[in-house]
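Here are the chains, one letter per residue:
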Amino acid sequence: MECEWKPDEQGLQQILQLLKESQSPDTSTQRSVQQRLEQLNQYPDFNNYLIFVLTKLKSEDEPTRSLSGLILKNNVKAHYQNFPNGVSDFIKSECLQNIGDSSPLIRATVGILITTIASKGELQNWPELLPKLCLLLDSEDYNTCEGAFGALQKICEDSAEILDSDMLDRPLNIMIPKFLQFFKHSSPKIRSHAIACVNQFIISRTQALMLHIDPFIENLFALATDEEPEVRKNVCRALVMLLEVRLDRLLPHMHNIIEYMLQRTQDQDENVALEACEFWLTLAEQPVCKEVLCGHLSQLTPVLVNGMKYSEIDIILLKGDIEEDEAIPDNEQDIRPRFHRSRTVAQQHEGDGIEEEEDEDDELDDDDDTISDWNLRKCSAAALDVLANVFRDDLLLHILPLLKELLFHPEWVVKESGILVLGAIAEGCMQGMIPYLPELIPHLVQCLSDKKALVRSITCWTLSRYAHWVVSQPPDTYLKPLMTELLKRILDSNKRVQEAACSAFATLEEEACTELVPYLAFILDTLVFAFSKYQHKNLLILYDAIGTLADSVGHHLNKPEYIQMLMPPLIQKWNQLKDEDKDLFPLLECLSSVATALQSGFLPYCEPVYQRCVNLVQKTLAQAMLHQSQPDQYEAPDKDFMIVALDLLSGLAEGLGGTIEQLVARSNILTLMYQCMQDKMPEVRQSSFALLGDLTKACFQHVKPCIADFMPILGTNLNPELISVCNNATWAIGEISIQMGPEMQPYIAMVLHQLVEIINRPNTPKTLLENTAITIGRLGYVCPQEVAPMLQQFIRPWCTSLRNIRDNEEKDSAFRGICTMISVNPGGVVQDFIFFCDAVASWVNPKDDLRDMFYKILHGFKNQVGEDNWRRFSDQFPMPLKERLATFYGV
């Protein structure tokens, strides 16, 4: 062993001075400290000084010593591979010698340092670490035992995977039984560490734990009523995870576990209550939920409802006492990143509007995003929401008596929680709620003008959850009063209410669609006024409300007086924003919807918008190429700029049709698209294929010269694992084939097999199935000789996927294709003819020549098989199908 390292006194003073300065609040001091630390990293033994201050320099105050350890931890993270051997050995031995320091802060710092070294792949190169820590657990000295356990808990959290791998000779076989012994330790802190260590291995179903699952569960039950909140919290967390992975072991005890969790959900300690409340969320996902929980609903319901009240601390954090804050600028950190939803091309269905495969708003009550995001209130509300979906109206029996009391309660906090309850059960209990809505909706509309901002904001959300019902009633009864009040709330003097009202209004727009047309002037008045009033965060939500309005009312927006109101403020924002500003995303999305709705009305604004979008795409691609060639010099671009720009170009092409032709002619957009279509980020490809389809419809003369380059790329993107990419590529191929006609022939082989495979895949999403069927039909329409031989392989799923979509151009061309292919290969349809009959009957008004095609095929088949066989065949038809075919086609 070489002689012990000793610090140089002057060097030590210099480092202590730095540590002191780094605790200064002044940012320029902070910055110079950062630079000096970076310089000191050049010296190999700088890290020796840091560990020395942490473990040996007992004369210094603890915060300074701890800070020294934390700076060392950052160095380990960044440069550990460059530490000389002597330095890393010194650090390791100091850590192990001082894990039992008498100060909890120093012990914790040493523990963090140990786990950081361990997670740098050093568990293999530090073989004595785990045995040594496990040995220290048995120490008589509390500090040593606690320090070692603290370090082990951090290692179990950070390196769970490696601990359970062959790389280390499976240490868990020894560690887990060892941890279980400490569940009964006299110190609550140590009991808590012990459970936390074992909990790391539940979800991964680690073998070493599964072997001891029964003693583990018994030990948990023994600690169920521990006096230490941290222990109870870890017990609850363990049971929630076991529910997911070892339900079989819990089932025999389920009654008692539920009783226990009911108590814990009401624990005095909110952290315990929150962990326990997760149990109901997890249980709701298990098939046994209904069976094991139905007897406890009468107890559980009031507990969850009670948990939905704001706590006093919530109200302080939410500044619930500040009613008017509209003039206070937003704190930039509060603004969450937005995720742009790239364009997906979908079909219109019977009924109205486009059915999007939307992720339903899982996030309950998204108006409290400023509180420590997840809390008992949100968890209780989410649990009530999922349980309402499991128990449906059975839950109402227990909720209704409570609701009556809450909704009319004099205390605002109680009333507010009642309104949240009403919103939480909306989805699951809708049927049972309908009889009460004629009375409740007007009451809620009144609550929109409550004097407490937090009541107004939650009421916006709850009303949006019932928007579907409101819209199904005569408009003057509920829609008009609701809309009038919501528009006032959009102009509320409280920012949280503005936000909730804007979001609720967007939901109402989606449900009401063209029902809103009579009120457009009134709506636009409000939304445009909000522009001048809103602070930063709510402006972003306002863009969304305007975009949704445009999507919902479509061409009804294309009136000079509406355009005059709406466009100037949008264009003013557009001119203010720099190309690097992320606020462009929601604004571009909004403009894309507006351009599609206004169509020719957007012409005056079109050229600058088009130019800027092309520019954004070009800049992003250039930046990506620089980053690829010199990653150290250039950072990676944010590709969302390019995605949103491509989507807005799609909106322009769709809205302006042929008038976009000169803009395309004067730009290099097709070259840029060729690069985007090969980008490694799926969302970029998805948006570029949508644009390709829209440009194909708008100005094919500019697309046609590139088809030979584009088609192979489209072919390689027909991978149904990436649903949206595949969907848009499929749709674009269909649009291209209509324009190419018979010249599509050389490209059929590149795409047909993949398309047939996709249409036959189980569990393919509806949108993708429909677009695939339409594209196969269109390919068959332009090249029947090439596609018809495969008819038998796709006719059945083809017919079932297109029977539910509305009569439109795409459906028309697809059915012409099927009829043409049937005339080329009638044998291909014989076995599945009943499906074809059903698909034909789904047409409301086919064009005359298409109706003739249907007529010829139906009668041809009937004549072919003869009267008797036809009767036997058509007797299998459901009555409505039989009647429709008889009425329209006389068969």
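Residues numbered from 1 in each chain as written. Predicted model: local features only at pLDDT ≥ 70, side-chain atom pairs only at ≥ 80, totals over all residues. Heavy atoms only, no water.

1. A few points about the overall build of the protein
Across its full length, the protein holds 50 helices and 0 strands. Its C-alpha atoms give the protein principal-axis dimensions of roughly 100 × 65 × 60 Å. When the 891 residues of the protein are sorted by exposure, 57% land in the buried category. The long-range fraction of contacts in the protein, counting pairs at least 24 apart against all pairs at least 6 apart in sequence, stands at 75%. Accessible surface computed for the protein: about 39,100 Å², of which carbon and sulfur atoms make up 51%. (Helix = DSSP H or I, 4+ residues; strand = E, 2+ residues; numbered from the N terminus. Buried < 20%, exposed > 50% of the residue type's maximum accessible area, 1.4 Å probe, protein only. Contact = heavy atoms within 4.5 Å. Areas by Shrake-Rupley, 256 points an atom, 1.4 Å probe, with all protein chains shown as cover.)

2. A few points about the packing of aromatic side chains
Per the stated rule, a full pass over the model turns up 24 aromatic pairs. Pairing phenylalanine 279 with tryptophan 280 gives two aromatic rings, centres 5.1 Å apart and planes at 90°, and the pair type is edge-to-face. Per residue, the accessibility class of phenylalanine 279 equals that of tryptophan 280, and both read buried. Of the aromatic side chains, those joined through ring pairs into one cluster are Trp798, Phe815, Phe833, Phe836, Trp843, Phe854, Phe861, Trp870, Phe873, Phe877, Phe888 and Tyr889. Sitting over the ring of tryptophan 574, arginine 612 keeps its end group 4.8 Å from the ring centre. Its guanidinium or amino end placed over the ring of tryptophan 843, lysine 811 lies 5.0 Å from that ring's centre, counting from NZ or CZ. (Phe/Tyr/Trp six-rings, centres within 6.5 Å; stacked < 30°, edge-to-face > 60°. Lys NZ or Arg CZ within 6 Å of the ring centre and 35° of its normal.)

3. A word on the side chain of asparagine 494
As for its position among the elements, asparagine 494 is in the loop between α28 (479–490) and α29 (495–512). Residue asparagine 494 is classed as buried on the basis of its relative accessible area of 4%. Within the structure, the side chain of asparagine 494 is placed 3.1 Å from the backbone nitrogen of valine 497, a separation counted as a polar contact. Dropping the residues within four chain positions of it, asparagine 494 is found in contact with Ile322, Glu323, Asp325, Ala453 and Arg456. (Polar contact = N/O pair within 3.5 Å; in protein donor to acceptor, adjacent residues only side chain to side chain.)

4. Here we look at a negative patch on the surface
Residues Glu510, Glu511, Asp544 and Asp551 make up a contiguous surface patch of negative charge. Mapped onto the negative patch, the elements with two or more residues apiece are α29 and α31 (536–553). Since its relative accessible area comes to 38%, aspartate 544 is described here as partly exposed. (Patch = residues over 30% accessible without salt bridge, like charges linked within 9 Å, V, L, I, M, F, W, Y side chains within 5 Å. Salt bridge = Lys/Arg side-chain N within 4 Å of Asp/Glu carboxyl O. Lys, Arg positive; Asp, Glu negative; His and termini not counted. Charge placed at Lys NZ, Arg CZ, Asp CG, Glu CD.)

5. Digging into helix α1 (residues 9–21)
Helix length check: α1 (13 residues) gives 19 Å between terminal C-alpha atoms against 18 Å at 1.5 Å per residue, within 8%. Three or more residues of α1 are buried, namely Gly11, Leu12, Ile15, Leu16, Leu18 and Leu19. Down the axis of α1, the buried side of the element spans an arc of 155°, and every buried residue falls inside it. Turned more than 90 degrees off the buried face of α1, the exposed positions are Glu9 and Gln10. Turning to α1, the residues buried within the fold contact α2 (27–40), α3 (46–55) and α4 (62–79). (Expected span 1.5 Å × (residues − 1). Arc of directions from axis to C-beta.)

6. Re the confidence of the model for the protein
Residues of the protein with pLDDT of at least 70 account for 96%, and the chain-wide mean is 90. Counting contacts from residues 351–372, a segment whose pLDDT is below 50, to residues more than four positions away or on other chains yields 48 contacts. (pLDDT = per-residue confidence, 0-100.)

7. Things to note about the nonpolar core
Formed by 315 residues in total, the largest nonpolar core has its most connected members in Trp280 and Phe602. Per-element tally for this core: the top contributor is helix α35 (residues 640–656), with 11 residues. In contact with tryptophan 280, other than residues within four places in its own chain, are Ile258, Met261, Leu262, Thr265, Leu293, Leu300, Leu304, Ala383 and Leu387. One finds Tyr310, Ile315, Leu318 and Leu454 within the second-largest nonpolar core, a separate group that totals 5 residues. (Core = buried A, V, L, I, M, F, W, Y, C linked by side-chain atoms within 4.5 Å.)

8. Structural notes on the state of the cysteines
This structure, assessed with the given rule, holds 0 disulfides. Cysteine 134 takes part in no disulfide bond, and the closest cysteine sulfur, belonging to cysteine 156, lies 8.6 Å away. Not part of a disulfide, cysteine 706 finds its nearest cysteine sulfur in cysteine 699, a span of 11 Å. With relative accessibility at 17%, the residue cysteine 706 sits in the buried group. (Disulfide = S-S within 2.5 Å.)

9. Here we look at the environment of cysteine 706
Along the chain, the position of cysteine 706 falls in the loop between α39 (700–703) and α40 (707–716). For the pair cysteine 706 and tyrosine 674, spaced 32 residues apart in sequence, the C-alpha to C-alpha distance is 8.7 Å.

10. Observations regarding a nonpolar patch on the surface
There is a patch of nonpolar side chains on the surface, built from Ile313, Ile316 and Leu317 and spanning about 320 Å² of accessible area. Along the chain, isoleucine 313 turns up in helix α20 (residues 312–317).

11. What about the environment of lysine 404?
As for its placement among the helices and strands, lysine 404 is situated in helix α22 (residues 393–407). Separated by 266 residues in sequence, lysine 404 and leucine 670 have C-alpha atoms that sit 62 Å apart.

12. A closer look at the side chain of glutamate 60
Relative to the elements of secondary structure, glutamate 60 occurs in the loop between α3 and α4. Among the polar contacts listed, one links the side chain of glutamate 60 to the side chain of lysine 20, at a separation of 2.9 Å. Those residues within four positions of glutamate 60 in sequence are excluded, and the remaining contacts are Leu16, Lys20 and Arg65.

13. Some details on unusual backbone geometry
The phi dihedral of arginine 205 falls on the positive side, at around 50°, and the residue is not glycine. Looking at where arginine 205 falls in the secondary structure, it is placed in the loop between α11 (188–199) and α12 (207–210). For arginine 205, a relative accessible area of 46% corresponds to the partly exposed category. Phi angles above zero are rare outside glycine, and arginine 392 is one such case at about 50°. Along the chain, arginine 392 turns up in the loop between α21 (376–391) and α22. With a relative accessible area of 42%, arginine 392 lands in the partly exposed category.

14. Quick look at the pattern of salt bridges
Close approach of charged atoms lets side chains of opposite charge pair. On inspection of all chains with the given rule, the structure shows 41 salt bridges. Its salt-bridge partner being aspartate 267, residue arginine 232 comes within 2.9 Å of it at the nearest N-O pair. Placement of arginine 232 in helix α14 (residues 229–245) and of aspartate 267 in the loop between α16 (254–264) and α17 (270–284) is noted, with a sequence separation of 35 residues between them. The exposure classification of arginine 232 matches that of aspartate 267, with both residues buried. Residue lysine 704 is joined to glutamate 743 by a salt bridge in which the shortest nitrogen-to-oxygen separation is 3.1 Å. Placement of the pair is lysine 704 in the loop between α39 and α40 and glutamate 743 in the loop between α41 (723–740) and α42 (748–759), with a sequence separation of 39 residues.

15. What to know about helix α43 (residues 766–782)
Since the α-helix advances by 3.6 residues per turn, residues separated by three or four positions end up pointing in the same direction. In a regular helix each residue adds 1.5 Å, so 17 residues correspond to 24 Å; α43 covers 25 Å between its end C-alpha atoms and thus fits that length. Burial within α43 is extensive, with 15 of its 17 residues counted as buried.

16. Brief notes about the packing of helix α37 (residues 669–676) against helix α38 (residues 682–698)
Taken N-terminus to C-terminus, the directions of α37 and α38 make an angle of 140°; their axes are 9 Å apart at the nearest point. Between α37 and α38 lies a crossing of left-handed hand. Contact residues: Ile669, Met673 and Cys676 in α37; Val684, Arg685, Ser688, Leu691, Leu692 and Leu695 in α38. Among the residues forming the contact of α37 with α38, the class breakdown is 7 nonpolar, 1 polar and 1 charged. (Axes fitted to C-alpha atoms, helices over the stretch in contact; angles between N-to-C directions. Left-handed = near helix turned anticlockwise from the far one by under 90°. Nonpolar A, V, L, I, M, F, W, Y, C, P; charged D, E, K, R; others polar.)

17. Overview of the packing of α14 against α16
It is at 12 Å that the axes of α14 and α16 come closest, and there the two elements cross at 135°. The orientation of α14 relative to α16 falls into the category oblique. Helix-helix and strand crossings are classified by hand; for α14 and α16 the assignment is left-handed. For the pair α14 and α16, the contacting residues are Arg232, Val235, Cys236, Leu239 and Leu243 in the first and Met254, Tyr260, Met261 and Arg264 in the second. Taken together, the residues of the contact of α14 with α16 sort by class into 7 nonpolar, no polar and 2 charged. (Parallel < 35°, antiparallel > 145°, perpendicular 65-115°, else oblique.)

18. Quick look at the environment of aspartate 101
With respect to the helices and strands, the residue aspartate 101 is situated in the loop between α5 (85–98) and α6 (104–122). In this structure the C-alpha to C-alpha distance between aspartate 101 and threonine 55, which are 46 residues apart in sequence, comes to 8.2 Å. Among residues more than four places away in sequence, those in contact with aspartate 101 are Lys58, Arg65, Ile106, Arg107 and Asn143.

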